Amino acid sequence: MTNKGSIWRKWDLQVGTKDYTRYTGVQFSGEKLSNLCDLTSLNEQQINGNHKDLSNDDYAKLFVEHFIHYNDTDVISLANHNTGEGIEEILSHLKLRKAENQDSIYTDKFIFPGIEIGGNDRCHIIIVFNPETNNNRKFEFQEDGRTIKRELSWKEYIDRFLDAINIPSTRFNNGQLE
């Protein structure tokens, strides 16, 4: 039996995506831009353009490949303001890349689904969810008592969670009600 001792990891539990209220994007150049084009099959204009114009699937590729190859953080939690938009695609792309590249840098990085509940009083709460939560643990019943017969996306799950804790259907955006 080998004793590895402690494994120290760098964590960031408040990472925003293109759906974060103040997201402005990132510009890449040189070898990093070329590598991201190869890894994602996106072109330079897509990578350096307005990421809000990318589909959730294309953005997920860019997000995951940048996180894996160009970020020294090992564990992140996606925590956009009051939305679960795009989380499912990011988690799915990382899972796919881990399956394709076992025993590689992909298996050493982790992404947790989460949310930042923000309000106009400058109080913010970060909630991190278990990424292994399956449908039978995600709001099994609707208000009328009927069992949900399909898998919920993380966006649906987070929307239901926000409703369950009485965050109104009008969500906060940059500290203001939308």
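Note that the coordinates shown come from a computational prediction; the quantities given were computed from them, not determined experimentally. (Residues numbered from 1 in each chain as written. Predicted model: local features only at pLDDT ≥ 70, side-chain atom pairs only at ≥ 80, totals over all residues. Heavy atoms only, no water.)

Novice: Help me out: how do you make sense of the overall build of the protein in this one?
Specialist: The secondary structure content of the protein amounts to five helices and six strands. Counting across all 178 residues of the protein, residues that qualify as buried make up 39%. Contacts in the protein between residues at least 24 apart in sequence constitute 63% of all its contacts with a sequence separation of at least 6. (Helix = DSSP H or I, 4+ residues; strand = E, 2+ residues; numbered from the N terminus. Buried < 20%, exposed > 50% of the residue type's maximum accessible area, 1.4 Å probe, protein only. Contact = heavy atoms within 4.5 Å.)

Novice: Would you mind going over the environment of phenylalanine 129 with me for this structure?
Specialist: Here phenylalanine 129 is to be found in the loop between strand 4 (124–128) and helix 5 (154–164). Residues phenylalanine 129 and leucine 78 lie 51 residues apart in sequence; the distance between their C-alpha atoms is 9.7 Å. Every residue in contact with phenylalanine 129, bar those within four places of it in the chain, is listed here: Phe112, Pro113, Gly114, Ile115, Trp154, Tyr157, Ile158 and Phe161.

Novice: How should helix 1 (residues 30–40) be read in this particular structure?
Specialist: Three or four residues apart is the spacing at which side chains of an α-helix point the same way, because the helix has 3.6 residues per turn. Turning to helix 1, its buried residues are Leu33, Leu36, Cys37 and Thr40. Along the axis of helix 1, the buried residues cluster in a sector spanning 105°; they form a single face. Of the exposed residues in helix 1, those oriented more than 90 degrees away from the buried face are Glu31 and Asp38. Those residues of helix 1 that are buried are in contact with helix 2 (44–48) and helix 3 (56–70). (Arc of directions from axis to C-beta.)

Novice: What is the right way to look at helix 4 (residues 87–100) in this model?
Specialist: The end-to-end C-alpha distance of helix 4 is 20 Å, a good match for the 20 Å that 14 residues give at a rise of 1.5 Å each. Those residues of helix 4 that sit buried are Ile87, Ile90, Leu91, His93, Leu94 and Arg97. The arc that holds every buried residue of helix 4, seen down its axis, measures 160°, which confines them to one face. Looking at helix 4, the residues exposed on the side facing more than 90 degrees away from the buried face are Lys95 and Ala99. (Expected span 1.5 Å × (residues − 1).)

Novice: Can you help me understand the sheet that holds strand 3 (residues 110–118) in this one?
Specialist: Pairing between the strands of a sheet comes from backbone hydrogen bonds, and it takes one of two forms, parallel or antiparallel. If you walk across this open sheet you meet the four strands as 1-2-3-4, and the pairing is mixed. Each edge of the open sheet is held by one strand with a lone partner, namely strand 1 (11–15) and strand 4. Adjacent strand axes in the sheet meet at a mean angle of 30° when their direction is disregarded. In the sheet, strand 2 (residues 75–78) pairs with strand 3 via four bridges, with the strands oriented parallel. (Pairing = 2+ DSSP bridges. Axes fitted to C-alpha atoms, helices over the stretch in contact; angles between N-to-C directions.)

Novice: Looking at this model, I keep getting lost on the packing of helix 3 against helix 4. Mind explaining?
Specialist: Angle between the axes and distance between the axes are the two parameters that describe a pair of packed helices. Relative to each other, helix 3 and helix 4 sit at 55°, their axes nearing to 8 Å. As summarised for this structure, helix 3 and helix 4 are arranged oblique, according to the angle between their axes. You can see that helix 3 and helix 4 cross each other, and the crossing is right-handed. For the pair formed by helix 3 and helix 4, the contact residues are Asn56, Asp57, Tyr59, Ala60, Lys61, Phe63, Val64, Glu65 and Ile68 on the first element and Glu89, Ile90, His93, Leu94 and Arg97 on the second. (Parallel < 35°, antiparallel > 145°, perpendicular 65-115°, else oblique. Left-handed = near helix turned anticlockwise from the far one by under 90°.)

Novice: Just checking my understanding: could you explain the nonpolar core for this structure?
Specialist: Note on soluble globular proteins: their nonpolar side chains tend to be buried together. Ile47, Phe63, Leu78, Ile90, Ile111 and Phe129 are the most contacted members of the largest nonpolar core, which has 35 residues in total. Looking at this core, the elements with two or more residues in it are helix 1, helix 3, strand 2, helix 4, strand 3 and helix 5. When residues of this core are assigned to their parent elements, the largest contribution, seven residues, is made by helix 3. Residues within four places of phenylalanine 63 in sequence aside, it is in contact with Val15, Gly16, Thr17, Ile76, Leu78, Ile90 and Ile111. (Core = buried A, V, L, I, M, F, W, Y, C linked by side-chain atoms within 4.5 Å.)

Novice: It is not clear to me how a nonpolar patch on the surface should be interpreted in this structure. Could you clarify?
Specialist: Together, Trp11, Leu13, Ile126 and Val128 make up a nonpolar patch on the protein surface, roughly 340 Å² of accessible area in all. Where the nonpolar patch is concerned, the elements lending two or more residues are strand 1 and strand 4. Within the secondary structure layout, leucine 13 lies in strand 1. When its relative accessible area of 37% is taken as the criterion, leucine 13 is described as partly exposed. (Patch = residues over 30% accessible without salt bridge, like charges linked within 9 Å, V, L, I, M, F, W, Y side chains within 5 Å. Areas by Shrake-Rupley, 256 points an atom, 1.4 Å probe, with all protein chains shown as cover. Salt bridge = Lys/Arg side-chain N within 4 Å of Asp/Glu carboxyl O.)

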